[in-house]
Amino acid sequence: MSPKLPARWPQEVQYARSQRFHASVPRDIRAYLCPKTRIDGGAGSITESLPVVIKPIAVDGHPAKGQHGLFAARKIPPRSHIIDYVGEVHVDDRPSSNYDISLYHNTGGVSVGVDASHMGNEARFINDYRGVAARPNAFFEERRNGMGELCMAVWSGKDEIKRGQEILVSYGKGFWQARSAAGETTSE
Ligand SMILES: C[S@@+](CC[C@H](N)C(=O)[O-])C[C@H]1O[C@@H](n2cnc3c(N)ncnc32)[C@H](O)[C@@H]1O
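About the criteria used
- Residues numbered from 1 in each chain as written.
- Predicted model: local features only at pLDDT ≥ 70, side-chain atom pairs only at ≥ 80, totals over all residues.
- Heavy atoms only, no water.
- Helix = DSSP H or I, 4+ residues; strand = E, 2+ residues; numbered from the N terminus.
- Contact = heavy atoms within 4.5 Å.
- Buried < 20%, exposed > 50% of the residue type's maximum accessible area, 1.4 Å probe, protein only.
- Pairing = 2+ DSSP bridges.
- Salt bridge = Lys/Arg side-chain N within 4 Å of Asp/Glu carboxyl O.
- Axes fitted to C-alpha atoms, helices over the stretch in contact; angles between N-to-C directions.

Enquirer: I'd love a proper account of the environment of Pro56, names of residues and values included.
Expert: Inspection of the secondary structure puts Pro56 in strand S3 (residues 52–56). Distance in space between the C-alpha atoms of Pro56 and Gly69 is 6.3 Å, their sequence separation being 13 residues.

Following this line, the structure appears as structure tokens:
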């Protein structure tokens with residue numbers, strides 16, 4: 001059964017509750033990332049509602065005005081798991097994706113990313129804090145989910161996130177440096 005789409009989910013993007021593996025991921029890397037046999041694709045383990053909601057950004061001065069962001073649907077305690085970043089796990093280059101985050105590097109120099117440009121979950125709407133707030137209120141850190149699969153998770157920082165607040169992470173300077181040539185800017 002396909003999962004219910006969140007409000008304001010874009011038609012052209014496939015909604016998924018668990019990451020998918022692109023053919024570019026070598027077998028040994030995949031075995032490390034996903035050591036257990038997956039029975040149902042991973043969707044079955046999610047029972048709780050997520051503490052987040054996708055909203056359009058209409059505030060003047062917000063650098064992502066006209067786009068969407070991810071907001072707390074209820075109070076989120078400090079240092080707690082918010083959501084896993086779901087997308088296509090890949091090792092091929094995706095220089096034009098604005099939804100590609102780094103998941104894992106092995107000692108042999110293989111870099112694994114999670115790209116949510118064509119498929120993903122609510123986490124793909126998390127904006128960078130630059131130009132929005134003084135600092136991020138959430139951060140990326142990998143974890144092994146209930147199925148033992150390595151994934152990139154989003155966690156709250158040291159302060160509680162209040163209902164209605166935008167979830168903001170740092171994409172890292174590299175993200176913006178790579179885009180400055182293309183004319184995409186932040187206030188930093
Ligand atoms: C992962 S997407 C975030 C979700 C996006 N706002 C949307 O509606 O699909 C990353 C893109 O969001 C925009 N963005 C996120 N944070 C931003 C910021 N602080 N300043 C300017 N643009 C931002 C940029 O266009 C960036 O390439």
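Next comes the rest of the description.
Enquirer: How would you summarise the environment of Leu70 if you had to cite specific residues and measurements?
Expert: Summarising the element assignment, Leu70 is placed in strand S4 (residues 68–72). Residues within four places of Leu70 in sequence aside, it is in contact with Val52, Val53, Ile54, Glu122, Ala123, Phe125, Ile126, Gln165, Glu166 and Ile167.

Enquirer: Any chance you could break down unusual backbone geometry for me, citing the residues and the numbers?
Expert: With phi around 70°, Arg8 is a residue other than glycine that occupies positive phi space. Tracing the chain through its elements places Arg8 in the segment before strand S1 (14–15). Residue Arg8 is classed as partly exposed on the basis of its relative accessible area, which comes to 44%. A positive phi is found at Arg79, a non-glycine position, where the angle reads about 50°. Relative to the helices and strands, Arg79 resides in the loop between S4 and strand S5 (81–85). According to the relative accessible area criterion, Arg79 is exposed, its value standing at 60%.

Enquirer: Please provide a residue-by-residue account of the sheet that holds strand S2 (residues 20–21), values included.
Expert: Strand order in the open sheet formed by four strands is S2-S6-S8-S7, and the pairing between neighbours is mixed. Two strands lie at the open edges of the sheet, namely S2 and strand S7 (100–105), each paired on one side alone. In this sheet, strand S6 (residues 88–90) lies alongside S2 in parallel orientation, the contact comprising two bridges. Pairing of Phe21 across the sheet is with Val89, part of S6.

Enquirer: Outline the pattern of salt bridges, supporting the account with residue identities and numerical values.
Expert: Between side chains of opposite charge, a pair can form when the charged atoms approach closely. According to the stated counting rule, one finds seven salt bridges in the structure shown. Here Lys65 makes a salt bridge to Asp60, at a shortest N to O gap of 2.4 Å. With its nearest N and O atoms 3.3 Å apart, the salt bridge here joins Lys158 to Asp159. On the basis of relative accessible area, Lys158 is assigned to the exposed category, the value being 58%. Overlapping salt bridges, with partners in common, bring together Glu88, Asp92, Arg94 and Asp115 in one network.

Enquirer: If you had to explain the sheet that holds strand S12 (residues 150–156) to someone new, which residues and values would you point to?
Expert: In sheet architecture, strand pairing relies on hydrogen bonds along the backbone and comes in two forms, parallel and antiparallel. Spatially, three strands are ordered S5-S12-S11 in an open sheet, and the strand pairing comes out antiparallel. What marks the edges here is a single partner per strand, and that holds for S5 and strand S11 (138–144). In this sheet, adjacent strand axes meet at a mean angle of 35° when their direction is disregarded. Sheet analysis places S11 next to S12, joined by seven bridges and oriented antiparallel. Note on S12: the bridge partner recorded for Phe139 is Trp155.

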